[in-house]
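Each chain is listed here by its residues.
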Amino acid sequence: MKLFIFLCLLFCFYSKTDAIINGTNAELEDVPYQVAVYLDREYECGGSLISKNKVLTAACCVNLNKPSSVTVRVGLKHLLTEHNPEISVTKVSIHPKYIWPVGDDLAVLTLEKDILPEDYPNVTFPTFQTEELPIGSKVTFYGWGDTDVKNRSSTPDNLQKSTMIVKASKEPHFVAAQSPDSCACRGDSGGPLLSYDGK
C-alpha cells in the first residue's frame with residue numbers, strides 16, 4: 001500500500017473549533033517523518049521531514065522568525081515525556097507567494113545536522129502525492145494540537161490522529177477537508193495529512 005503526503009494547511013476559519021477533537025492515539029510508524037517545530041523552545045506546529053536535513057511546514061508557523069529561534073525534534077511519539085534533542089535550524093525559506101491566510105502557506109526549514117538512520121532508525125521520508133485527490137476521499141491528519149477548545153494548555157502527550165473527508169482539491173498541495181466531529185488548527189498546522197493509495 002503506497003502512502004502519499006500533503007502539507008496539512010489547516011486554517012481556523014475552516015473549523016468550528018481549534019483543536020483535534022475526538023482524535024485517537026497515533027503510532028510513530030504511521031508517520032515516521034512527523035516532526036515537532038518549536039519557537040523559542042515552545043512547541044508551535046507540526047512538520048514533515050522530507051530529506052535528511054529539510055523539514056516542510058506551514059509558513060504561518062515560522063514567518064517573521066529568525067532561524068536561531070526555530071528548532072525541531074524528530075522521531076517523537078510522546079511530545080511531553082520523550083526527550084529527543086532539539087535540532088537547530090540554520091535557514092527558514094518561506095514560499096515567495098505566501099500570503100496569510102490562504103496563499104501558498106509553505107516553508108522549508110534547513111536543519112543544522114543531517115538526520116541519519118543510525119541516529120533515528122524509525123524515521124523515514126515520505127512519498128508525495130502528485131495528483132489531485134478526488135472529492136470524497138478519506139484523509140488522516142496528525143498532530144499534537146490542543147485537544148480541548150476551552151483549554152489552551154491541553155497539548156496532548158501522545159501524537160493524535162483523526163480522519164476527514166476531502167471537500168475540495170486544487171493542485172496536489174492544497175486540500176480542504178472536513179469532519180462533523182473532529183478538526184484541527186492550533187498546534188496542528190504544518191503537519192502531515194495522509195491518503196493511502198486504494199483507500
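Residues numbered from 1 in each chain as written. Predicted model: local features only at pLDDT ≥ 70, side-chain atom pairs only at ≥ 80, totals over all residues. Heavy atoms only, no water.

Caption draft 1: Molecular detail of the overall build of the protein. For the protein, the helix and strand inventory stands at one helix and twelve strands. Secondary structure elements of the protein, listed N to C terminal, follow the sequence β-β-β-β-β-α-β-β-β-β-β-β-β. Here the protein holds 199 residues, and 50% of them are scored as buried. A fraction of 70% describes how many contacts in the protein between residues 6 or more apart in sequence connect residues 24 or more apart. With an accessible surface of roughly 9900 Å², the protein has 51% of that area assigned to carbon and sulfur atoms. (Helix = DSSP H or I, 4+ residues; strand = E, 2+ residues; numbered from the N terminus. Buried < 20%, exposed > 50% of the residue type's maximum accessible area, 1.4 Å probe, protein only. Contact = heavy atoms within 4.5 Å. Areas by Shrake-Rupley, 256 points an atom, 1.4 Å probe, with all protein chains shown as cover.)

Caption draft 2: Spotlight on the sheet that holds strand β8 (residues 107–111). The strand order β3-β4-β5-β8-β7-β6 describes a closed barrel built from six strands, whose pairing is antiparallel. Averaged over all pairs of adjacent strands, the angle between their axes in this sheet comes to 40°, without regard to strand direction. Alignment of strand β5 (residues 54–57) against β8, held across four bridges, turns out to be antiparallel. If you follow Thr57 over to β8, its bridge partner there is Ala107. (Pairing = 2+ DSSP bridges. Axes fitted to C-alpha atoms, helices over the stretch in contact; angles between N-to-C directions.)

Caption draft 3: Looking closely at unusual backbone geometry. Not every positive phi belongs to a glycine, and Asp40 is a case in point at roughly 50°. Topologically, Asp40 is positioned in the loop between β3 (34–39) and β4 (42–51). On the accessibility criterion, Asp40 (57% relative accessible area) is exposed. Within the chain, Leu64 stands out as a residue other than glycine whose phi angle is a positive 75°.

Caption draft 4: Structural view of the confidence of the model for the protein. When the pLDDT values of the protein are averaged, the result is 79; 72% of them are 70 or greater. Here strand β1 (residues 3–7) stands out as the least confident element of the protein, with mean pLDDT 43; strand β6 (residues 70–74) is the most confident, with 97. Across residues 1–19, where pLDDT falls below 50, the model places 84 contacts with residues more than four positions away in sequence or in other chains. (pLDDT = per-residue confidence, 0-100.)

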